[in-house]
Amino acid sequence: MNYIEHVPTVCPCCGCGCGIELIVKNGEIAGIEPLKSHPVCKGKNCLKGKNAYRYATSDERLKTPLVKKNGKYEECSWDEAFALIAKKLTEADKDAVGFINSGKCANEDLYVIQKFARIVCKTNNLDNASRFCHSTSVPALLSTVGSGVMPTSTVSVEKADCILIMGPNLQETYPLLANKVLLARLRGAKIITVDPRKTPTVKILTDFYLQIQSSTDAALINGMMKIILEEGLEDKVFIEKRTSGFQDLRTYLDSLDLQEIEKITDIPVEKIKQAAVTYATAKNACILFNAGIAQYAAGIESIQALADMALLTGNYGKPGTGVNPLRGHSNGEGFGDMGTVPVFYPGFQKVNQETAQRFESMWGVEGLPSEPGLTYMDMVEKCSVLYIMGANPMMSAPDINKVRKEFEKMKLVVVQDIFMTDTAQMADVILPAASGAEKDGTITGVDRRVQRLRKAIEPVGNSLPDWEILCRLAGKMGFEKYFSFKTSEEIFEEIRKCVPQYHGITYERLERAGGIQWPCPDETHPGTDTMFVEKFATPDGLAHFQVAPGSAPLELPDEAYPYILTTGRVSFHFHSGTTTRRTERLNNEVSEAFAEINPDDAGKTGITDGEQILLKSRRGEVMTRVRVTSDIKKGLVFLPWHFSECLANILTGPCAGPPSKMPEFKFCAINIAKVENHEN
């Protein structure tokens, strides 16, 4: 007899947090439908969402632990794998052990890995892919409004009267959020998009397009603010009552020359003025940004300038306003909330002696680490033991040739994942994890919306949920009393106690409400759609203007490397392609890498559309097929980073200094050359 079950859960791709329903027939996923009543997607899914979790039944799934012996992987028992890992972790110096995690994991998985690192290994060496996306956003927004999270909701975006899109290609990478923007536009909102590429977002959603020169975002925003002040469009009451530092900003803006800003940004002053006035005169103006402006050495200053402009015009504390960072992962907010970073314990509680003592009391332990740990790339370069859960640094980290050499020197690399990724191929021990369709849990989307993940099918082979693997390993190492969780709900109950923002959220409430936005201080609280309504998250409750002039990229084009490389995503794939390239429908759409170049640049080098070209930087080279298009700015080359056969991050290089340590994925000096006598 056929048994059909409908299991509501959350799409595992971008941070929109769309609802999907897995149709399970006789224990297998037979279909996927959008959740009709879901507040974010409202009965719609993008192509990735319609094919979500198809990869769960792939023949390539890891199904049993593997240990490398004499250069080859051999199957082993969980006990054998745990014994080897436990021995190496026990022998290693605590400062030489690091943990890298992923926003593809559930909150419960992330909470357990940071607890394991801090209790078992006594280290704050914890980091994740947010280092490569929003490590500039957090310090920028902390310095201005006191919090690095999205202050409105994805649902409220459609209430905006003007939306400034700085960086994200919404139409391809956040399609259901793009729908919200379209709804706003249909009711009269004006859409301004700033991007060096004429993306589908520009072509479909945009009223005013500013094709900016890469890495000049701060200059543009400062120019817009200068015009706002010259036109008398600032919100004087808001500035007086809710901010500080305005006079210093005004003095700096008064010193700027708009003609010089035109030269820097390659945007005519009249266009800058049109955008500035449109933004400033809107009743509710919303800014959406992502890695498109964050992945620069100057990312902090660019985002500070965005916050300054929102404050200057009173666009905070109302639905459909604010400066909103868009996370790439489905749980892109959750891995910050859970404290899987080197500078925060769970709940964004700063790493210091006081916080360590607070968690010692809550967890019933002694000796928790109280100094900040190493960041992502510092761990790669300085740790001799790395435990990697769900991440793929051999595709996502900058300067991959260097990363490979660092991995080869390590004493132990453990990779816990669902597939044999490029990083897993460098591991000494591989642990098979359950996919999101095979476990219960929660995720927290881009707008702080906590939602339930629900188990629909059984884990394949001997794979286990990430949290259960870590709990079993902790037990083998003598720490069972601190990791005695039997269900994901038990873990979430501990999260509620440790994370003030989650106090009022329970599994029961999530079953009834569908999703709750934090902060939610108690079980009668409905959650928070809009933050900063009465005060900001700073010690004095005021927002603080910052003078943010911007700075030059770390690596500039020269005679040997005259072009600028920028990397990004395409609509059919997600990050390193681990899941989407194993989904036939999606991979058939775009199955190989490509590079976009401007016709003028193609003409200079004798390159024609469809040919193979060589891209070369100071760190390495890759070969790919070219797309010649006027949609990209002259001097710029775009390369998606989903394809292991054409590793974009072989080319990328320098990282900014503290506090962000951000790699410049959006600005890398390269050369391009035609590949002669290549057989197609």
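Rules of the game
- Residues numbered from 1 in each chain as written.
- Predicted model: local features only at pLDDT ≥ 70, side-chain atom pairs only at ≥ 80, totals over all residues.
- Heavy atoms only, no water.
- Domains from an automatic or database assignment.
- Contact = heavy atoms within 4.5 Å.
- Buried area = accessible area lost by both parts, 1.4 Å probe.
- Salt bridge = Lys/Arg side-chain N within 4 Å of Asp/Glu carboxyl O.
- Polar contact = N/O pair within 3.5 Å; in protein donor to acceptor, adjacent residues only side chain to side chain.
- Nonpolar A, V, L, I, M, F, W, Y, C, P; charged D, E, K, R; others polar.
- Helix = DSSP H or I, 4+ residues; strand = E, 2+ residues; numbered from the N terminus.
- Buried < 20%, exposed > 50% of the residue type's maximum accessible area, 1.4 Å probe, protein only.
- 1 Å grid on protein atoms, 1.4 Å probe; cavity = no way out; pocket = protein on both sides within 12 Å on 5 of 7 lines; lining within 4 Å.
- Points joined across faces, edges and corners; volume = space filled by probe spheres on them.
- Core = buried A, V, L, I, M, F, W, Y, C linked by side-chain atoms within 4.5 Å.

## Here's the deal with the domain arrangement of the protein
Think of interface size as the accessible area that goes away when the parts come together; that is how it is often given.
Here's step 1: Partitioning the protein into domains gives domain 1 (4-57), domain 2 (66-131 + 330-486), domain 3 (137-325) and domain 4 (563-674).
Here's step 2: Computed from C-alpha coordinates alone, the two centres of domain 1 and domain 4 are separated by 30 Å.
Here's step 3: Listed per partner, the contact involves 8 residues of domain 1 and 12 residues of domain 4.
Here's step 4: Taking both sides of the interface into account, the surface hidden between domain 1 and domain 4 amounts to around 780 Å²; carbon and sulfur atoms contribute 72%.
Here's step 5: A per-residue breakdown of the area domain 1 buries against domain 4 is headed by Leu47, Lys48 and Tyr55, which together make up 65% of the total.
Here's step 6: The interface formed by domain 1 and domain 4 contains 0 salt bridges.
Here's step 7: If you look at where domain 1 meets domain 4, you find 0 residue pairs in polar contact (both at pLDDT 80 or more).
Here's step 8: By residue class, the composition of the side of domain 1 that touches domain 4 is 5 nonpolar, 1 polar and 2 charged.

## Quick notes on the pattern of salt bridges
Here's step 1: With the rule as written, the count across this model stands at 39 salt bridges.
Here's step 2: A salt bridge links glutamate 74 to lysine 69, with the shortest nitrogen-to-oxygen separation between them at 3.9 Å.
Here's step 3: Among the salt bridges present, the one from arginine 185 reaches aspartate 207, with a minimum N-O distance of 3.0 Å. Taken together, the residues span a long stretch of sequence, with arginine 185 in helix 6 (residues 175-186) and aspartate 207 in the loop between helix 7 (200-205) and strand 10 (208-210) at a distance of 22 residues.
Here's step 4: Assessed through its relative accessible area of 27%, arginine 185 is described here as partly exposed.
Here's step 5: One salt-bridge network, held together by shared partners, links Asp440, Arg452, Arg454 and Glu511.

## Thoughts on unusual backbone geometry
Here's step 1: Residue proline 519 is bonded to the preceding tryptophan 518 through a cis peptide linkage, with omega at 5°.
Here's step 2: Looking at the secondary structure, you find proline 519 in the loop between strand 21 (515-517) and strand 22 (543-544).
Here's step 3: Its identity as a non-glycine residue notwithstanding, asparagine 26 has a phi of 50°, on the positive side.
Here's step 4: Examined against the element boundaries, asparagine 26 turns out to sit in the loop between strand 2 (19-25) and strand 3 (28-34).
Here's step 5: Owing to a relative accessible area of 43%, asparagine 26 belongs among the partly exposed residues under this scheme.
Here's step 6: Even without a glycine there, the phi angle at serine 215 is positive, about 70°.
Here's step 7: Tracing the backbone shows serine 215 in the loop between strand 10 and helix 8 (217-230).

## Let's talk about the layout of surface pockets
A probe matching the size of a water molecule, rolled over the atoms, marks out where space remains unfilled.
Here's step 1: There is about 910 Å³ of room inside the largest pocket.
Here's step 2: Along the walls of the largest pocket sit 37 residues, with Val138, Leu142, Gly148, Phe344 and Phe348 positioned nearest its centre.
Here's step 3: Elements with a minimum of two residues in the lining of the largest pocket: helix 4 (137-144) and helix 15 (334-337).
Here's step 4: Ranked by residue count, the leading element in the lining of the largest pocket is helix 4, at 3 residues.
Here's step 5: Looking at the lining of the largest pocket residue by residue, the class counts come to 18 nonpolar, 12 polar and 7 charged.

## Regarding the nonpolar core
Here's step 1: Leu22, Phe116, Ile163, Leu164, Tyr316 and Tyr387 are the most contacted members of the largest nonpolar core, which has 168 residues in total.
Here's step 2: When residues of this core are assigned to their parent elements, the largest contribution, 9 residues, is made by helix 14 (residues 299-312).
Here's step 3: Once you skip the residues sitting within four places of it in the chain, phenylalanine 116 turns out to touch Leu89, Phe99, Cys121, Leu470, Leu473, Ala474, Met477 and Phe483.
Here's step 4: In this structure, Ile100, Val380, Met426 and Cys646 belong to the second largest nonpolar core, which totals 59 residues.

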